[in-house]
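Overview (structure and organization)
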Amino acid sequence: MTLHMLFGGSQLENCLALLKGDDTLLVIDRGALESLSAATVALPCDIVVLEDARSGLHANECFALIDTAGWLELVCQHPHSMSWY
């Protein structure tokens with residue numbers, strides 16, 4: 001059970017390769033969200049987006065939005081986390 005925090009798109013392929021069903025992918029910034037949108041794969045885990053990352057975008061309304069308090073909750077719920085830049 002790992003929280004994967006995606007800060008940019010350069011490590012997207014490596015991140016996606018490690019996702020498991022009980023993980024959560026947290027998209028932190030707009031660039032990462034755009035990279036994820038370009039990857040047309042079915043992901044095995046929950047995907048959430050920090051609300052600041054989605055501002056101005058309309059194509060990704062299907063992802064759950066969280067604020068910084070929600071981010072903190074995710075960190076507390078997951079025994080492991082990985083940051084992807």
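In case you missed it, the structure is sitting above this.
Note that this is a predicted model, so its numbers are computed, not measured. (Residues numbered from 1 in each chain as written. Predicted model: local features only at pLDDT ≥ 70, side-chain atom pairs only at ≥ 80, totals over all residues. Heavy atoms only, no water.)

**Thoughts on the packing of aromatic side chains**
Condition: In this scheme Phe, Tyr and Trp rings, the latter by its six-membered ring, pair at centre separations within 6.5 Å, and the angle between planes marks the pair as stacked below 30 degrees, edge-to-face above 60, and tilted otherwise. Put simply, DSSP H or I for four residues or longer makes a helix, DSSP E for two residues or longer makes a strand, and each gets a number counted from the N terminus. For every residue, the accessible area obtained with a 1.4 Å probe (protein chains only) is divided by the maximum for its type, and the residue is called buried under 20%, exposed over 50%, and partly exposed between those limits.
Considering all chains together, one arrives at one aromatic pair under this definition. With centroids separated by 4.6 Å and ring planes inclined at 10 degrees, the aromatic side chains of F7 and Y85 adopt a geometry described as stacked. Here F7, found in the loop between β1 (2-6) and α1 (12-18), pairs with Y85, found in the segment after β5 (80-84); they are 78 residues apart in sequence, far enough to count as distant. A relative accessible area of 57% places Y85 in the exposed class.

**Section: the nonpolar core**
Worth spelling out the cut-off: Residue types Ala, Val, Leu, Ile, Met, Phe, Trp, Tyr and Cys, when buried and joined through side-chain atoms within 4.5 Å, form a set referred to as a nonpolar core. Two residues qualify as a contact provided that any one of their heavy atoms is within 4.5 Å of a heavy atom in the partner residue.
Counting residues in each nonpolar core, the largest one holds 16 residues, and the members touching the most others are L25, V27 and L36. Only α1, β2 (24-27), α2 (30-38) and β3 (46-50) provide two or more residues apiece to this core. If we ignore the near neighbours within four places in the chain, the residues touching V27 are L6, A32, L33, L36, I47, V48, V49, L50 and A53. Formed by nine residues, the second largest nonpolar core is a distinct cluster that contains M5, F7, I28 and V48.

**Focus on the environment of A32**
With respect to the secondary-structure elements, A32 resides in helix α2. Residue A32 is classed as buried on the basis of its relative accessible area, which comes to 0%. Each residue touching A32, except ones within four places of it in the same chain, is listed here: L6, F7, G8, G9 and V27.

**With respect to a negative patch on the surface**
Our working definition: Put simply, a patch holds well-exposed residues, over 30% relative accessible area, that have no salt bridge, with like charges counted together within 9 Å and Val, Leu, Ile, Met, Phe, Trp or Tyr side chains within 5 Å. Here, Shrake-Rupley sampling with a 1.4 Å probe gives the accessible areas, and only protein chains in the shown set may cover a residue. Here, a salt bridge means any Lys or Arg side-chain nitrogen found within 4 Å of an Asp or Glu carboxyl oxygen. Neither His nor the chain ends contribute to the count of charged residues, in which Lys and Arg are positive and Asp and Glu negative. One atom stands in for each charge, and that atom is NZ of Lys, CZ of Arg, CG of Asp or CD of Glu.
A surface patch of negative charge is lined by E51, D52, D67 and E73. Inspection of the secondary structure assignment puts D52 in helix α3 (residues 51-54).

**Description of the environment of E34**
Turning to its location among the elements, E34 is positioned in helix α2. For E34, a relative accessible area of 43% translates into the label partly exposed. Separated by 26 residues in sequence, E34 and G8 have C-alpha atoms that sit 9.1 Å apart.

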